[in-house]
Amino acid sequence: MRIALGVTGGVAAYKAAELVRRLQQEGLDVQVVMTRAAREFITPLTFAALTGQRVITEMFSEEGRAPANIESAIEHIAVAQRIDLLLVAPATADVLARMAHGVADDFLTTLYLATRAPVIVAPAMNVNMWEHPATQHNVATLRARGVHVVAPEEGYLACGMSGPGRLAGLEAILDAVRQVLGLKRDLVGETVLVTAGPTCEDLDPVRVLTNRSSGKMGFALAEAALRRGARVILISGPTHLLPPPNAEFLPVRTTEEMRRAVLEQARAATVVIMAAAVADFRPAAPQPTKIKRASGGLTVALEPTPDILAELARDRGNRILVGFAAETEHLAENARAKLEAKGLDLVVANDVTRADAGFDVDTNVVTLFVRGAAPVELPRMTKREVADRVLDEVVRLRHLSR
Ligand code: PMT
């Protein structure tokens, strides 16, 4: 989901930087729009670095000059249509007045008039300005128009006075965002252990046996579980991905390292989701020195690796266990067999022969298998969407187990 964050000119503007981070952790794509006054308090560069996107500061490309092209001339319309929410935080008395009166004299206020997305404002200002009848009247006008107002908190203000006027806590602002966008918080109290990526098995000091897992599926699950309020432990084989900032991250390399980390961390977990592509075989006798090239070729003996999920299932307690099944044929048959053999609550099966599913792509096509119910075939989705559907099923299973 996309959100435009309007930052206006008050001391609390510095808090908007942390707000951007927290919104991103909710899985939101944040476009920052700054008023001219906001730039007296914090620079656009800070927000550009945090969001990786250009910060919109001006209605026109450069002061007084015509827009460079038609796209920038009507950018406010494009942004207005693209966003799912406009959040103004901090909102000064001035911007509240301009919004209440429909004055469109900069990008932010023009965006407010142009968008049909819901709007939240989080005012912050001096106590007298907040309590002034003009401001209260403007806030009432905005409320009557359906704008959500996250009221300022009481406390010590930067101007030296005390009273209501301090920007509401970030958690209160995030709660309003979640409520307006209908974001779920149904994993609060759960500890979700997710595995991701490949494992690597040494053949000798320079060669490894591994697979094409990028970690995208597992990382998407970790991010979605965090968004929905869980404590998340992410155990991953080598990938190029950055772990979500709030996850407890444990990098591993081999199947044995993953096994030890999972068995250790699972004690605290209430849900375990194994999205990692764990090696099924490893060299029976890894060589301590580099194997020399020989004219007659090379035959390597492989032995099975320990089955981490099956081991976990033997002492499962009240944990919900979710496995993935990477299949190239007989998807339903194989997935059901894994559900039973590994003692799982849910198997997420993906046909990894498809170009738009499985390894190293951003989308996946999965079927969900649970005991005693018909399989649920999902259409092609982003891995983020798949992650949410898997977690919906986890929440359903948790309700059934109570
Ligand atoms: O990482 P990406 O590029 O995003 O790709 C995603 C994915 C294709 C890796 C993912 O969607 C997926 O299918 N992961 C499971 C891959 C796999 O190992 O499947 P499997 O059918 O071989 O194993 C079944 C289950 O047992 C898996 O949950 C696996 O983690 C687990 N397992 C396997 C072997 C083993 N020794 N121990 C295990 O616990």
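With respect to the pattern of salt bridges
Under the counting rule described, the total for this entry stands at 35 salt bridges. A salt bridge links D204 to R207; the nearest nitrogen and oxygen atoms lie 2.5 Å apart. Classification of R207 as partly exposed rests on a relative accessible area of 32%. Between R260 and E256 there is a salt bridge, with its nearest N and O atoms 3.5 Å apart. With a gap of four residues between them, R260 and E256 both fall in helix 11 (residues 255–265), about one helical turn apart. We classify E256 as partly exposed; its relative accessible area is 23%. One connected set of salt bridges, linked through shared partners, spans K184, D186, R227, R228, D388 and D392.

Describing the sheet that holds strand 2 (residues 29–34)
Spatial ordering of the open sheet is given by 2-1-3-4-5, a layout of five strands whose pairing is parallel. Two strands close off the open sheet at either side, each with one partner strand: strand 2 and strand 5 (148–149). Pairing analysis gives four bridges linking strand 1 (residues 2–7) to strand 3 (residues 85–91), with the strands arranged parallel. Bridge pairing links A4 to L86 in strand 3.

A word on the nonpolar core
Core analysis: the largest hydrophobic core is formed by 36 residues, its most contacted members being L221, I273, V322, L346, V348 and V390. Elements that contribute at least two residues to this core include exactly strand 8 (191–196), helix 10 (216–227), strand 11 (231–236), strand 13 (271–274), strand 16 (320–327), strand 17 (346–351), strand 19 (366–370) and helix 14 (383–401). Considering each element in turn, this core owes the most residues, eight residues, to helix 10. The residues contacting L346, other than those within four sequence positions of it, are L321, V322, G323, L339, L368, F369, V370, V390, E393 and L397. I3, A122, L167 and V177 belong to the second-largest nonpolar core, a separate cluster that totals 33 residues.

Focus on the site of the ligand
Around the ligand, the structure places 29 residues, and the nearest of them are S213, S214, K338, N350 and D360. Between the ligand and the protein, one listed contact pairs an oxygen atom with a side-chain N or O atom of S213 at 2.6 Å. A distance of 2.9 Å is found between a nitrogen atom of the ligand and a backbone nitrogen or oxygen belonging to P306. Here the ligand, which alone exposes 770 Å², has 96% of that area covered by the protein.

As for the environment of R267
Along the chain, the position of R267 falls in the loop between helix 11 and strand 13. Using a relative accessible area of 64% as the deciding quantity, one classes R267 as exposed. Residues R267 and A225 lie 42 residues apart in sequence; the distance between their C-alpha atoms is 18 Å.

Brief notes about helix 14
Helix length check: helix 14 (19 residues) gives 27 Å between terminal C-alpha atoms against 27 Å at 1.5 Å per residue, within 8%. Every buried residue of helix 14 is listed here: K383, V386, A387, V390, L391, E393, V394, V395, L397 and R398.

Overview of the domain arrangement of the protein chain
Taken domain by domain, the protein chain consists of domain 1 (2–181) and domain 2 (191–401). Its C-alpha centre places domain 1 at a distance of 41 Å from the equivalent point of domain 2.

Observations regarding the packing of helix 1 (residues 15–25) against helix 2 (residues 44–51)
In the contact formed by helix 1 and helix 2, the axes pass within 10 Å of each other and the chain directions differ by 15°. Comparing the axis directions of helix 1 and helix 2 gives the class roughly parallel. Classified by chirality, the crossing of helix 2 by helix 1 is right-handed. Between helix 1 and helix 2, the residues in contact are A16, A17, V20, R21 and Q24 and T46, F47, L50 and T51, respectively. Here the contact of helix 1 with helix 2 is built from residues that sort into five nonpolar, three polar and one charged.

A few points about unusual backbone geometry
Put simply, A89 and P90 share a cis peptide bond, and its omega is -5°. Looking at where P90 falls in the secondary structure, it is placed in strand 3. The residue H330 is not glycine, and still its phi comes out positive at about 45°. Examined against the element boundaries, H330 turns out to sit in the loop between strand 16 and helix 13 (331–341). Look at D360: it is not a glycine, yet its phi comes out positive at around 60°. Checked against the element boundaries, D360 lands in the loop between strand 17 and strand 18 (363–364). Judged by relative accessible area, which is 45%, D360 ranks as partly exposed.

Brief notes about the sheet that holds strand 16
Here we have eight strands laid out as an open sheet, ordered 12-11-8-13-16-17-19-20, and mixed in their pairing. At either margin of the open sheet sits one strand with a lone partner, and together these are strand 12 (248–251) and strand 20 (376–377). With five bridges joining them, strand 17 and strand 19 adopt antiparallel strand pairing. If you follow N350 over to strand 19, its bridge partner there is V366. Each of strand 8, strand 11, strand 12 and strand 13 is contacted by helix 11, which is oriented at about 165° to strand 11, the strand it contacts most.

Looking at the packing of aromatic side chains
Counting across every chain of the model gives one aromatic pair. Aromatic side chains F219 and F249 sit 6.2 Å apart centroid to centroid with 65° between the ring planes, which places their arrangement in the edge-to-face category. Linking F219 in helix 10 with F249 in strand 12, this pair joins segments that are 30 residues apart in sequence. Given the relative accessible area of 32%, F249 is considered partly exposed.

Calculation notes
Residues numbered from 1 in each chain as written. Predicted model: local features only at pLDDT ≥ 70, side-chain atom pairs only at ≥ 80, totals over all residues. Heavy atoms only, no water. Salt bridge = Lys/Arg side-chain N within 4 Å of Asp/Glu carboxyl O. Buried < 20%, exposed > 50% of the residue type's maximum accessible area, 1.4 Å probe, protein only. Helix = DSSP H or I, 4+ residues; strand = E, 2+ residues; numbered from the N terminus. Pairing = 2+ DSSP bridges. Core = buried A, V, L, I, M, F, W, Y, C linked by side-chain atoms within 4.5 Å. Contact = heavy atoms within 4.5 Å. Near = heavy atom within 4 Å. Polar contact = N/O pair within 3.5 Å; in protein donor to acceptor, adjacent residues only side chain to side chain. Areas by Shrake-Rupley, 256 points an atom, 1.4 Å probe, with all protein chains shown as cover. Expected span 1.5 Å × (residues − 1). Domains from an automatic or database assignment. Axes fitted to C-alpha atoms, helices over the stretch in contact; angles between N-to-C directions. Parallel < 35°, antiparallel > 145°, perpendicular 65-115°, else oblique. Left-handed = near helix turned anticlockwise from the far one by under 90°. Nonpolar A, V, L, I, M, F, W, Y, C, P; charged D, E, K, R; others polar. Phe/Tyr/Trp six-rings, centres within 6.5 Å; stacked < 30°, edge-to-face > 60°.

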